[in-house]
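Okay, here's what each chain looks like letter by letter:
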Amino acid sequence: MEKLKIAIIGQGRSGRNIHGAYFLSEANTKFDVVAVVDAIEYRREKAIREFGCKAFETYQELFAMKDEIDVVVNASFSQMHYPITMDLLNHGFNVVVEKPFGATYEEAMDMVNTAQRNGVQLLVFQQSILVDTINYMKNAIDTKKIGDLVTIDIKYNNFAHRYDWQTLQCCVAGGLYNTAPHPIGIAMHLLGEWDNAKLCYSDLRSINTMGDSDDYARIILERPDGVSAEIEVSSTDLTDPPHYKIQGTMGSIVMNVAGEYTLTYTVKEEQDIKPLQFASLADEKGDPIYCQEKVEKHVESGTLAADPFSSGSARFYSAVYDTLVDGKAFIIDPANIANVVRIIDEAHKANPMTKRYSL
């Protein structure tokens, strides 16, 4: 099998611990890392030992290797995703770009249009929508196992006083840019609506963070028929762990971050639906009774693969290979992910925060 040649820009937590970890794993049989870029000499030397690759201080040095590289992974700092990706696309490289996919919708669509214009592939690393847990919920919605969709609730909550560059507005950071692309993308995927999902409500706050960006975000999306999704990303929550809850007209799903789920649903033919009564309800003697019904419930539960950094990465890069080698359409449309950035950008504009730091 032909292996594709990879270059990775950045050897931080994403470039090394997510992308690099996948390429070094036994699950990877289709890619060889031939070059790594990092400003820190120690990281370059470590990459040479681990990957047996070339290492450079600046990404521009990759241009001389153009014919030896099939795709570049842009895992640079968030504020560099747009300018570096644009430069790579204009030099004819296929690019995997980390989230956030730009700071604004205009930046994201500029990358989409530039890739199309140059005839190269733009592959956005929104791998969280590919894991079994999300596929399970999406199937339950699409097959109407829980009836018609009513609402989606997603919480990515913890408690933390974060103090690194991911707390700085000047770095296109904070919880909404850093963490929320995953739950917002998942919500839009489950809603089945990307272009026409609108931001109905947003609340951004800076509470525990050491920086100047948000560490609490509450977002409500709505598709044209009124079905909504609420997303909360909080670093101020000691009690409510990350979870999903989906309500339909005939059932619901609850699922935690570990992939443990319970689906509870009813079957219409088994329901004993009584006609509307305008009079006060009473028993045979005439004593008042409470309005209630017996509901026949069916329950399914289990545990599904939930880790976006193992199975999610594997499925993402398998799809990258199929796209670049076999010409298949990529399973994640970058124009859809541009709409994730649209929502994030709109929320920031609706909740302006004072910038206190600059690089």
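What comes next concerns the included structure. (Residues numbered from 1 in each chain as written. Predicted model: local features only at pLDDT ≥ 70, side-chain atom pairs only at ≥ 80, totals over all residues. Heavy atoms only, no water.)

## Focus: the packing of aromatic side chains
Phase 1: Counted by the stated rule, this structure contains 15 aromatic pairs.
Phase 2: Their ring planes at 45° and their centres at 4.4 Å tell us that Tyr-136 and Tyr-261 sit as a pair that is tilted. Note that Tyr-136 is positioned in helix 5 (residues 132–142) and Tyr-261 in strand 13 (residues 260–265), a separation of 125 residues in sequence. As far as the burial class goes, Tyr-136 and Tyr-261 line up, both buried. (Phe/Tyr/Trp six-rings, centres within 6.5 Å; stacked < 30°, edge-to-face > 60°. Helix = DSSP H or I, 4+ residues; strand = E, 2+ residues; numbered from the N terminus. Buried < 20%, exposed > 50% of the residue type's maximum accessible area, 1.4 Å probe, protein only.)

## Some words on empty space enclosed by the protein
Phase 1: Inspection of the entire model under this criterion finds 1 cavity of 30 Å³ or more.
Phase 2: Taken as a whole, the largest cavity encloses approximately 30 Å³ of empty space.
Phase 3: Lining of the largest cavity is provided by Gln-11, Arg-16, Arg-43, Lys-46, Ala-47 and Glu-50.
Phase 4: Ranked by the residues each element gives to the lining of the largest cavity, the list is headed by helix 2 (residues 41–51), at 4 residues.
Phase 5: By residue class, the composition of the lining of the largest cavity is 1 nonpolar, 1 polar and 4 charged. (1 Å grid on protein atoms, 1.4 Å probe; cavity = no way out; pocket = protein on both sides within 12 Å on 5 of 7 lines; lining within 4 Å. Points joined across faces, edges and corners; volume = space filled by probe spheres on them. Nonpolar A, V, L, I, M, F, W, Y, C, P; charged D, E, K, R; others polar.)

## Notes on unusual backbone geometry
Phase 1: Of note, the bond from Lys-99 into Pro-100 is cis; its omega dihedral lies within 30 degrees of zero at 0°.
Phase 2: Looking at where Pro-100 falls in the secondary structure, it is placed in the loop between strand 5 (95–97) and helix 4 (105–118).
Phase 3: With a phi angle near 60°, Lys-144 is a residue other than glycine that sits in the positive phi range.
Phase 4: Relative to the helices and strands, Lys-144 is located in the loop between helix 5 and strand 7 (149–157).
Phase 5: Not every positive phi belongs to a glycine, and Val-172 is a case in point at roughly 50°.
Phase 6: Checked against the element boundaries, Val-172 lands in the loop between strand 7 and helix 6 (175–178).
Phase 7: Taking relative accessible area as the criterion, Val-172 reaches 13% and is therefore assigned buried.

## Brief notes about a negative patch on the surface
Phase 1: On the surface, a cluster of negative charge is made up of Glu-41, Glu-45, Glu-57 and Glu-61.
Phase 2: You can see Glu-57 is positioned in the loop between strand 3 (54–56) and strand 4 (71–74). (Patch = residues over 30% accessible without salt bridge, like charges linked within 9 Å, V, L, I, M, F, W, Y side chains within 5 Å. Areas by Shrake-Rupley, 256 points an atom, 1.4 Å probe, with all protein chains shown as cover. Salt bridge = Lys/Arg side-chain N within 4 Å of Asp/Glu carboxyl O. Lys, Arg positive; Asp, Glu negative; His and termini not counted. Charge placed at Lys NZ, Arg CZ, Asp CG, Glu CD.)

## Focus: the sheet that holds strand 3
Phase 1: Pairing is parallel in the open sheet, where 6 strands are placed in the order 3-2-1-4-5-6. Each having just a single partner strand, strand 3 and strand 6 (122–124) make up the two edges of the open sheet. Strand-to-strand, the axes of this sheet are offset by a mean angle of 25°, without reference to chain direction.
Phase 2: Packing against the sheet, helix 1 (residues 15–24) makes contact with strand 1 (4–9), strand 2 (31–37), strand 4 and strand 5, and its axis sits at approximately 165° to strand 1. (Pairing = 2+ DSSP bridges. Axes fitted to C-alpha atoms, helices over the stretch in contact; angles between N-to-C directions. Contact = heavy atoms within 4.5 Å.)

## Description of the layout of surface pockets
Phase 1: Looking at the second largest pocket, its volume works out to about 330 Å³.
Phase 2: Residue lining of the second largest pocket: Asp-272, Ile-273, Lys-274, Pro-275, Leu-276, Gln-277, Leu-281, Ile-289, Tyr-290, Cys-291, Gln-292 and Glu-293, and that is the complete set.
Phase 3: The residue makeup of the lining of the second largest pocket, split by class, is 7 nonpolar, 2 polar and 3 charged.

## Examining the nonpolar core
Phase 1: With 101 residues, the main nonpolar core has Phe-23, Phe-101, Ile-184, Leu-221, Phe-316 and Tyr-317 as its most contacted residues.
Phase 2: Tallying contributions element by element places helix 9 (residues 334–350) first for this core, with 7 residues.
Phase 3: Excluding residues within four positions of it along the chain, Phe-316 makes contact with Val-96, Leu-123, Val-124, Phe-125, Gln-126, Gln-127, Leu-130, Phe-330 and Ile-332. (Core = buried A, V, L, I, M, F, W, Y, C linked by side-chain atoms within 4.5 Å.)

## A short note on the sheet that holds strand 12 (residues 251–256)
What holds strands together in a sheet is hydrogen bonding between their backbones, with the strands either parallel or antiparallel.
Phase 1: Pairing within the open sheet is mixed, and its 8 strands lie in the order 8-9-10-7-11-12-13-14. The open sheet has two edge strands, strand 8 (198–205) and strand 14 (298–303), and neither has a second partner. For this sheet, the mean angle separating the axes of adjacent strands, direction not counted, is 10°.
Phase 2: Both strand 13 and strand 14 contribute to a ladder of 6 bridges, which runs antiparallel. Looking across to strand 14, one finds that Thr-262 is bridged to Ser-301.
Phase 3: Packed on one face of the sheet, helix 5 meets strand 7, strand 11 (243–248), strand 12, strand 13 and strand 14 and runs near 175° to strand 12.

## A few points about the pattern of salt bridges
Phase 1: The tally for this structure, following the rule as stated, stands at 16 salt bridges.
Phase 2: Residues Lys-138 and Asp-142 are paired through a salt bridge, measuring 3.6 Å at the closest nitrogen-oxygen approach. Highlighted residues: Lys-138 and Asp-142, both in helix 5, separated by 4 residues, approximately one helical turn.
Phase 3: As a salt-bridge pair, Asp-345 and Lys-349 come within 3.4 Å of each other at their nearest N and O atoms. Linking Asp-345 with Lys-349, this pair stays in helix 9, spanning 4 residues, or about one helical turn.
Phase 4: Its relative accessible area of 8% is what places Asp-345 among the buried residues.
Phase 5: Of the residues examined, Lys-349 reaches a relative accessible area of 60% and is grouped as exposed.

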